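A closer look at the structure
Given next are the chains, with one letter for each unit.
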Amino acid sequence: MMNRFRTQRALLLTAALLLTAVLPARAQANPPAVTAYPPDLSAFPTITFEVEAQDEQGNFLSNLNRADITVLEDGAEIDLDELERYEPGMQFLVSINAAPILANRVAGVSHFDSIRQALAEWAQTRPNPGSDRLTLATSEGVLSAAEEYPEDWLEALQAYQPNLLASQPSTISFTQALDQLIEPGSDPRMKRVILYITPLPTGALQGAIPGLTERARQLNARVFVWMVGPASHANFPGAEPLRQMAEQTGGQFFHYTGVEALPGLEEYLQPLRYRYLASYTSRVNQSGDHELQVRLERGGEMVTSAAQSFNVNVQPPNPIFLSPPDQVQRGWVEAELEGQPENLEPKSYPIRILIEFPDGHPRALAFSRLYVDGELAQERTEEPFDQFDWPLESITETGRRELQIEVQDSLGLSRRSITHSVEVAVQPAPRDVLLEMFTNGRFLLQLAAVLLPLAALILLIRRTRRKRAQTHQRRGWREDPLTQRVNIPQEKPRKLASSAAQTTVPAGAPAVGMANPNGAAQAFLLRLSEQGSPLPGEVIELSKIETTFGSDPNQAVCALNDPSVSSLHARIYQSSEGKYVLADAGSVAGTWVNYAPVSSAGVQLQHGDLIHFGRASFRFELKNPRKVLKAVVLPYNEE
């Protein structure tokens, strides 16, 4: 009877072991899968995302190329721009649920010591430091958290000496492991793996397993379960929730009775260490919610990932005129070579613009265009898109012209700027008096009426003199030499050299104005109108060592209400020598002195300098200028 009982017990143990050996293989049997992770839109329209692909056995597909993956953006197929395999690292957390059964011994070695030895052997093979972050969570608390150095984690494991016989199984170690995944500083790109070492759950612990499973799944954590206990525990109801935990999170279940060889940890982790980093150029040109999927084609099979939703704000680019002119003057200039006609200059005028992206996503442009009076004047399809040369050769009469800019980005979104009116003043063509005289028919008739009688008179006088000379010759008459007229050659009258003319600046020439000298400040900024005249009452005193300018009163001492002025645009400070220096503060529209750009290194200001913060114009004036420069016209000296 006793032998029969022992035989049945041996058969049951063998069956249980066979069942335990089969369980991991079943957990690994999954269909091919591809997973796309939430996209990164920081470089939109270039979208970057991570993707994983596994074969039927759950092994990582390590030899994918761009042709194997197609992006489905809102259902439209788009090819990848780049596909790169990389190792993001792993958060590996060991959760030990201490219980008396872990103190059971086989061949004099407790189950706990066997498990600890396997973990130590694995940790000793890892690089120091490594890309993994190791955590040890126990029923007594977290003994080692996110360790970069495996040797530090191993030291905590070796120092862990629980009182197993007095321990009661609970959810503490697993809950603390899950809490570590959401700690500040946790890298969301890292893979998350939990090794859960636990006895057979019963009672309240058994009822808590489904909730812990759902939380692990929401945190994208794979759970590998090592259930410690005799072979008979494989058929107990508490084993099934552990199997479901491993299956639903993508991990594996292993039943350790003390006689089996423990699975190699690296066999679990190696297929999970890598991911692919993919990028493509989005075609989204409307704000709102959109979907991203990945389709994998391998060996005639096609697998599509679940959809990842993303929201993006897309707006057309905004072109802005940068310090446009209010007037352009064209005048006649003498030709370089003698005999050629005079030229009307300038033949073109430079127009500069600023292109903003209100949605915060700078991107390539398809073209930029300059329109004059609604007609296309110039188009740019390559860099620089922000510079135009307005052709003026066809404008020969004074008049106003309406300028407008249009830009279109790579997504097909376009916008036009506000119109800017410019007066083109054309100098009248120089008059050719002789040409006008000889092309005037009435003048020619009047000239003929004067010249014809005069010519007839001259002919008559010459004829009379010739006849008189012939008469004297026939008579042989000779006149006394003393009575003859003597032709004395006369010198041409000399021109007296005129003294050099002294010329001065005309009385009506504009002069630099002065600010109110009664204030304490030694320098001022006078706000100017678009015509360049000071605006009454708009004077900024520079009474501080440093004065900052911008549109945001929280960042700048002096707030300027102008759309072209940045939040913190520029600053004016006094140098150690007491000079006033203007420096740009990284503005968008730029800072200018006398139409020359100013860098962050700064430029020293002079009395009367013209300053532009974007399109806001000012004049810099000193309270006591040392010397106001005046223009003096010197006489021309050919020598």
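For the protein, the name recorded in an unreviewed UniProt entry is FHA domain-containing protein, with Ornatilinea apprima as its organism.

Notes on the sheet that holds strand β21 (residues 348–356)
With antiparallel pairing, three strands are arranged side by side in an open sheet as β18-β21-β24. Both outer strands of the open sheet, β18 (318–321) and β24 (387–391), are each paired with one neighbouring strand and no more. With direction set aside, neighbouring strand axes in the sheet form an average angle of 35 degrees.

Let's talk about the pairing of β21
As judged from the four bridges shared by β18 and β21, these two strands associate in the antiparallel manner. Within β21, the position partnered with Pro319 by the bridge is Ile355. By the bridge criterion, five bridges tie β21 to β24 in an arrangement that is antiparallel. Each bridged residue has a counterpart across the sheet, and for Arg352 the counterpart in β24 is Gln387.

Overview of a negative patch on the surface
A cluster of acidic residues, Asp79, Asp81, Glu82 and Glu84, forms a negative patch on the protein surface. Residue position: Glu84 is located in strand β5 (residues 82–86).

Here's the deal with helix α2 (residues 111–124)
Over its 14 residues, α2 runs 20 Å from end to end, which matches the ideal 20 Å to within 8%, given 1.5 Å per residue. Inspection of α2 places His111, Phe112, Ile115, Arg116, Leu119, Ala120, Trp122 and Ala123 among the buried residues, and these make up the whole buried set. Buried residues in α2, looked at end-on, bunch into an arc of 165 degrees, giving them a common side.

Scoring rules and cut-offs
- Residues numbered from 1 in each chain as written.
- Predicted model: local features only at pLDDT ≥ 70, side-chain atom pairs only at ≥ 80, totals over all residues.
- Heavy atoms only, no water.
- Pairing = 2+ DSSP bridges.
- Helix = DSSP H or I, 4+ residues; strand = E, 2+ residues; numbered from the N terminus.
- Axes fitted to C-alpha atoms, helices over the stretch in contact; angles between N-to-C directions.
- Patch = residues over 30% accessible without salt bridge, like charges linked within 9 Å, V, L, I, M, F, W, Y side chains within 5 Å.
- Areas by Shrake-Rupley, 256 points an atom, 1.4 Å probe, with all protein chains shown as cover.
- Salt bridge = Lys/Arg side-chain N within 4 Å of Asp/Glu carboxyl O.
- Lys, Arg positive; Asp, Glu negative; His and termini not counted.
- Charge placed at Lys NZ, Arg CZ, Asp CG, Glu CD.
- Expected span 1.5 Å × (residues − 1).
- Buried < 20%, exposed > 50% of the residue type's maximum accessible area, 1.4 Å probe, protein only.
- Arc of directions from axis to C-beta.

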